[in-house]
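Breakdown of the fold
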Amino acid sequence: MRSRIFLYLFIFSVLFILFQFMNAKKAKESYDGKIDNLMAKIEEKEDELKSRDIEKDSLIDKILELTYFSLESDEEAINYFEEQGYDAKKLELTISDQIISQNKAGADNPIVPFGGMEGHMAINKVRLLNHKWIIADFTDGVYWGQLFIIYDVRKDGVVDFEVEQSFLYPKS
């Protein structure tokens, strides 16, 4: 009787070990499949990043191209202001604020040579191109246009503006 119990225990142990082995084998195959899927996703993302690096390089080139005509990227204009004792960045902010601050509620901006037809003309955006030129965008809410302004910073720090050219887009 004792030998039969040991025989049953032995068979049960062998079956249990066999069950554990098969279960571990299936789990390993499942994990290997998941690892393969994750490796494929990693490769896909790496390829995507490589293509984005190309896009990033083209975006950097585009940004450099767009900032070519701006005071912040014009070393000669910056040197011009520094030789006169001005900080170019502060002066750029001051000039932009001075132009935009002329927008008054209930009145056209005096720099804009057009009267507002659907409201009051106001300057929205100002870009200093160099130490002498400005481009500005203006609108009355319906009509809009652009200005080419020549400016000069006098010795006493006062900035003079002269609208050289202006354009009002026709309403479409």
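The structure contained in this document is the topic of the report that follows. Quick caveat: nothing in here was measured; it's all calculated off a predicted structure. (Residues numbered from 1 in each chain as written. Predicted model: local features only at pLDDT ≥ 70, side-chain atom pairs only at ≥ 80, totals over all residues. Heavy atoms only, no water.)

**As for the sheet that holds strand 3 (residues 144-153)**
Put simply, the rule is: DSSP calls a pair of strands paired once it identifies at least 2 bridges connecting them. Strands are runs of DSSP state E lasting at least two residues, helices are runs of H or I lasting at least four, and both sets are numbered from the N terminus onward. Convention adopted: a line fitted to C-alpha atoms gives each axis, helices being fitted over their contacting stretch, and angles between N-to-C directions are expressed from 0 to 180 degrees.
Taken together, the four strands give an open sheet; going across it, the order is 1-2-3-4, and neighbouring strands pair in antiparallel fashion. If you trace the sheet from one side to the other, it starts and ends with strand 1 (122-128) and strand 4 (159-168), each paired once. This sheet shows a mean twist of 25° between the axes of neighbouring strands, independent of strand direction. When strand 2 (residues 133-139) meets strand 3, the two strands line up antiparallel, connected through seven bridges. The partner of F138 across the bridge, within strand 3, is G145.

**Section: the pairing of strand 4**
Pairing analysis gives nine bridges linking strand 3 to strand 4, with the strands arranged antiparallel. What sits directly across from Q146, in strand 4, is F167.

**Some details on the packing of aromatic side chains**
Under the convention used in this document: Only centres within 6.5 Å qualify two rings of Phe, Tyr or Trp (six-membered ring in Trp) as a pair; their planes then separate them into stacked at under 30 degrees, edge-to-face at over 60, and tilted for everything else. Classification of residues uses two cut-offs on accessible area relative to the type maximum, computed with a 1.4 Å probe and protein chains only: under 20% is buried, over 50% is exposed, and between them is partly exposed.
In total, this model carries seven aromatic pairs according to the counting rule given. Judged by centre distance (4.9 Å) and plane angle (85°), the ring pair of F167 and Y169 falls under edge-to-face. For F167, a relative accessible area of 44% translates into the label partly exposed. Residue classification places Y169 among the partly exposed residues on the basis of a relative accessible area of 29%.

**Brief notes about the pattern of salt bridges**
Counted only if it meets this: Here, a salt bridge means any side-chain nitrogen of Lys or Arg that lies within 4 Å of a carboxyl oxygen of Asp or Glu.
According to the stated counting rule, one finds four salt bridges in the structure shown. Salt-bridge contacts for D32 lead to K28; the nearest nitrogen and oxygen are separated by 2.8 Å. Within this pair, D32 and its partner K28 are both found in helix 1 (residues 2-66), separated by four residues, close to a single helical turn. With a relative accessible area of 32%, D32 lands in the partly exposed category. Here the salt bridges do not stand alone but share partners, grouping R154, D156 and D160 into one network.

**As for the nonpolar core**
As a reminder of what qualifies: The definition of a nonpolar core used throughout is a set of buried Ala, Val, Leu, Ile, Met, Phe, Trp, Tyr and Cys residues joined through side-chain atoms within 4.5 Å. Residues are treated as being in contact if the distance between any of their heavy atoms lies within 4.5 Å.
Judged by nonpolar contacts, the single largest core of 24 residues is most densely connected at F81, I95, I123, I134, L147, Y151 and V153. Listing elements by their share of this core, those giving two or more residues are helix 2 (75-83), helix 3 (88-100), strand 1, strand 2 and strand 3. Beyond its immediate sequence surroundings of up to four residues, F81 is in contact with L71, Y86, A88, L91, H131, Y151 and V153.

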